[in-house]
Amino acid sequence: IASRLTSSLRSNDTVARLGGDEFVVLLDIGVDEKSASCIADKIIKEIQKPVNLNDTIVSVGASIGISLYPNNGDSSDKLLKSADLAMYSAKNEGRDNYKFYTPQMNIEATARLEKESNIKIAHNNNEFINHYQPIVDGRHKCAVGVELLMRWDSPHGLISPFQFIPIAEEIGLIIQMTEAALVRGLTDLKQWQKTHPDFYLSINISPKHFMQDNLVEFIQSQLSLFDISSDTLRVEVTESMLISDPKKAINIMCELSKTGVKIALDDFGTGFSSLSYLKQLPLDIIKIDRSFVMGINESKADEAIIDATLVLAQSLNMACIAEGIETKEQHDYLIDRGCHLIQGYYYSKPVSAQFILNNEPANVA
């Protein structure tokens, strides 16, 4: 890559490697936006060419950030900082492109750093709490378990996970947050099981967390510590876990399954993994995504996908949970087709642990 960069530039330009996969190109004076764009395009095309490494062909891409003197900085440090912000903006839009620095990028980066800092502080201050959405057996109108959903109990009120989970995943804090959430969840589950021994807890594990080597060991140790039967814990995984390292993901699922923990495939049908994975995965449950449920009585295609999923699950001896149920029509459609496990606002929004403790767990719906 270094050779390709130097060959793409003029003799009076400079190329340096900062470290890892980051390079800096210093263009000689007299460069404007148009010429910088042409050079960036040339670099991208050069780097895109396949590389032969020990008889293995690999391809890489480049994300380029560009800053111009003196508008984007009057010193080398400021120019590098501006180019760095522009590069991350380019990476966010996918590889093989370039971005020029704009002042807005600095505003966005500052806001981002503030969010990251606030999330770290909130974790240290134990501001993240558990809410639980009941999973109901629609035949008996009785909750059989709950799905754990994290909330941020900030000084400004409850904050949705959509606003902090993605950032927590990117900065690597999601593992510690999920482990703390599981401990809180098992504490609550132990209390609920005093009156309903088979009541279960379902928890989502992020792809980054799931691929940790000590995941199974941690879950086993917590179940043992709380003296909770492993078959009353459900771990929800997504198809995206299979993209980066399918073999490792499958091995971890198999290890987890051997402990007795049930595994649910979340958001089924919304990813890109092959159906052949279903034969290899030790799955106990398929969760029908709310995007298909919303199409009941409105989209024949969505209904066909739901019907096919139910047949598939039955053939593979798996249970089905439909999530996002909001109307009686959606509820009745699923019950009529043998999907008895229902999750959604039709029965209950996510509720606090205290709400469940103040009510019979099976009747929280």
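Residues numbered from 1 in each chain as written. Predicted model: local features only at pLDDT ≥ 70, side-chain atom pairs only at ≥ 80, totals over all residues. Heavy atoms only, no water.

1. Here we look at the overall build of the protein chain
We apply this condition: Counting from the N terminus, the helices are DSSP H or I runs at least four residues long and the strands are E runs at least two residues long. Exposure classes here rest on a 1.4 Å probe applied to the protein chains alone. A residue is buried below 20% of its type maximum, exposed above 50%, and partly exposed in between. Residue contacts are counted whenever heavy atoms from the two residues lie within 4.5 Å of one another. Using a 1.4 Å probe, accessible areas were evaluated by the Shrake-Rupley method; residue-level cover was limited to the displayed protein chains. Two residue types count as positive, namely Lys and Arg, and two as negative, namely Asp and Glu; His and chain ends fall outside the count. Working definition for charges: the position is that of NZ of Lys, CZ of Arg, CG of Asp or CD of Glu.
Per the secondary structure count, the protein chain includes 15 helices and 16 strands. Buried residues in the protein chain amount to 44% of all 365 residues. For the protein chain, contacts bridging at least 24 residues in sequence account for 62% of all contacts bridging at least 6. Working note: accessible area of the protein chain is about 19,700 Å², and carbon and sulfur atoms make up 51% of it. Here the protein chain carries 34 positive and 48 negative side-chain charges, and the mean point of each set is 2 Å from the other.

2. With respect to the packing of helix H3 (residues 76-92) against helix H4 (residues 103-124)
Applicable threshold: Geometry is summarised by axes, namely lines fitted to C-alpha atoms with helices restricted to the contacting stretch, and by angles between N-to-C directions that run from 0 to 180 degrees. Any angle from 65 to 115 degrees is called roughly perpendicular, while one under 35 is roughly parallel, one over 145 is roughly antiparallel, and all others are oblique. The residue classification treats Ala, Val, Leu, Ile, Met, Phe, Trp, Tyr, Cys and Pro as nonpolar and Asp, Glu, Lys and Arg as charged. All others, Gly included, are polar.
Running from N to C, H3 and H4 point in directions that differ by 80°, and their axes come no closer than 10 Å. Between H3 and H4, the angle is such that the two are roughly perpendicular. Contact residues: H3 offers Lys81, Leu85, Ala86 and Ser89, while H4 offers Met105, Asn106 and Ala109. In terms of residue class, the contact of H3 with H4 is made up of four nonpolar, two polar and one charged.

3. Concerning the pairing of strand E13 (residues 285-288)
Test applied: For two strands to pair, DSSP has to find at least two bridges joining them.
Every second residue of E13 is oriented toward a common face, with Ile285 and Lys287 on one face and Ile286 and Ile288 on the other, all of them buried. As paired strands, strand E12 (residues 262-268) and E13 are joined by three bridges and run parallel to one another. When the sheet's bridge partners are listed, Phe268 is paired in E13 with Ile288.

4. Section: the pairing of strand E5 (residues 63-66)
We count it as follows: Seen with its strands pointing away from the viewer, a crossover is right-handed when the path leading from the first strand over the helix to the second is clockwise.
Pairing of E5 with strand E6 (residues 97-100) involves four bridges; the strand directions are parallel. From the neighbouring strand, Ile64 faces E6, where its bridge partner is Tyr98. With H3 bridging E5 and the parallel E6, this β-α-β connection has left-handed handedness.

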